[in-house]
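In case you want the letters, here they are:
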Amino acid sequence: QKEVEQNSGPLSVPEGAIASLNCTYSDRGSQSFFWYRQYSGKSPELIMSIYSNGDKEDGRFTAQLNKASQYVSLLIRDSQPSDSATYLCAVGAPGSARQLTFGSGTQLTVLP
Amino acid sequence: GAGVSQTPSNKVTEKGKYVELRCDPISGHTALYWYRQSLGQGPEFLIYFQGTGAADDSGLPNDRFFAVRPEGSVSTLKIQRTERGDSAVYLCASSSLAGERNEQFFGPGTRLTVL
């Protein structure tokens, strides 16, 4: 059973702080990793993709990947109330398969 | 330049009825995916199309579910003899199949309620 695990939260951080979201996955052959943001009642929105070990930065977002530890994280710097949402970690199936396996999401609340 | 579109946005039906959900992917995207999402859960993969053919239908829960993409663009997810457990948000996504990159972009979803 391929699994993607996330802490469900809720995670609360004050405005301006760094929010840290974590994800582990079970399929060691996975090669592609994604973070989606989902506002209540809306569909998932892709915010970060990462394919190689290390850090990838995009604005206030940094994705971190450690394939040896089967661990992916997302850091949100200078958190804003508008960042309050559920963050979904998704892992791509290895090889020619294209499906994404999602975690159940971490609910983030940024307190003004 | 438009994103993925899905119709209808909401569908209420009675147990046992047949429903069709439509997805129009981003222009030029050859890969199309269907997922469904239950409350409090992440999306769950149903089926993936590459062009007109279903490349992977391993996520379809049973033979009441079927999807087509006859011209390699718009896709229709068909559910026969609906059951209350089919109630969920059905999400469609598309991607451009650029090498190993598999960035999938989701439509707004169809909320299906089976009474």
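Residues numbered from 1 in each chain as written. Chains lettered and ligands numbered in written order. Predicted model: local features only at pLDDT ≥ 70, side-chain atom pairs only at ≥ 80, totals over all residues. Heavy atoms only, no water.

Q: Give me the sheet that holds strand β7 (residues 65–68) of chain B: which residues, what numbers.
A: All names here are of chain B. Spatially, 4 strands are ordered β1-β3-β8-β7 in an open sheet, and the strand pairing comes out antiparallel. The strands lining the two open edges of the sheet, one partner per strand, are β1 (5–7) and β7. Strand-to-strand twist across the sheet, computed as the mean angle between neighbouring axes with direction ignored, equals 15 degrees. Sheet topology note: the β7/strand β8 (residues 75–79) ladder contains 4 bridges and is antiparallel. Bridging across to β8, alanine 67 finds its partner in leucine 77. (Pairing = 2+ DSSP bridges. Helix = DSSP H or I, 4+ residues; strand = E, 2+ residues; numbered from the N terminus. Axes fitted to C-alpha atoms, helices over the stretch in contact; angles between N-to-C directions.)

Q: Help me get a handle on the state of the cysteines, residues and values and all.
A: Residue and element names in this part refer to chain A. This model, assessed by the stated rule, comprises 2 disulfides over all chains. The disulfide partner of cysteine 23 is cysteine 89, and the gap between their sulfur atoms is 2.1 Å. Handedness of the cysteine 23-cysteine 89 disulfide follows from its S-S torsion of about -70 degrees: it is left-handed. On the criterion of sequence distance, the pair formed by cysteine 23 in strand β3 (residues 19–25) and cysteine 89 in strand β9 (residues 85–92) is long-range, its members being 66 residues apart. Among the residues examined, cysteine 23 registers a relative accessible area of 1% and is labelled buried. (Disulfide = S-S within 2.5 Å. Buried < 20%, exposed > 50% of the residue type's maximum accessible area, 1.4 Å probe, protein only.)

Q: With reference to specific residues and values, describe the sheet that holds β3(A).
A: Residues and elements named next belong to chain A. Overall, antiparallel pairing links the 5 strands, which are arranged β1-β3-β8-β7-β6 in an open sheet. Each of the sheet's edge strands pairs with one partner strand only, and the pair in question is β1 (4–6) and β6 (54–58). Across the sheet, the mean angle from the axis of one strand to that of its neighbour is 20 degrees, orientation sign disregarded. In this structure, β3 lies alongside strand β8 (residues 71–76), joined through 6 bridges in antiparallel fashion. Paired with leucine 21 across the strands is leucine 74, a residue of β8.

Q: Lay out the interface of chain B and chain A with the relevant residues and their values.
A: Listed per partner, the contact involves 24 residues of chain B and 15 residues of chain A. Between chain B and chain A lies a buried interface of about 1,700 Å² when both sides are counted; carbon and sulfur atoms form 51% of it. The three residues of chain B that bury the most area against chain A are B:Asn102, B:Glu103 and B:Phe106, which together make up 27% of that side's buried surface. Linking chain B with chain A are 8 residue pairs in polar contact (both at pLDDT 80 or more). When residues of the side of chain B that touches chain A are traced back to their parent elements, those giving at least two are β4 (31–37), β5 (44–50), β9 (88–95) and β10 (105–106) of chain B. Sort the elements by how many residues they give to the side of chain B that touches chain A and β4(B) lands first, with 3 residues. (Contact = heavy atoms within 4.5 Å. Buried area = accessible area lost by both parts, 1.4 Å probe. Polar contact = N/O pair within 3.5 Å; in protein donor to acceptor, adjacent residues only side chain to side chain.)

Note that all results are geometric; they support no functional claim without further evidence.
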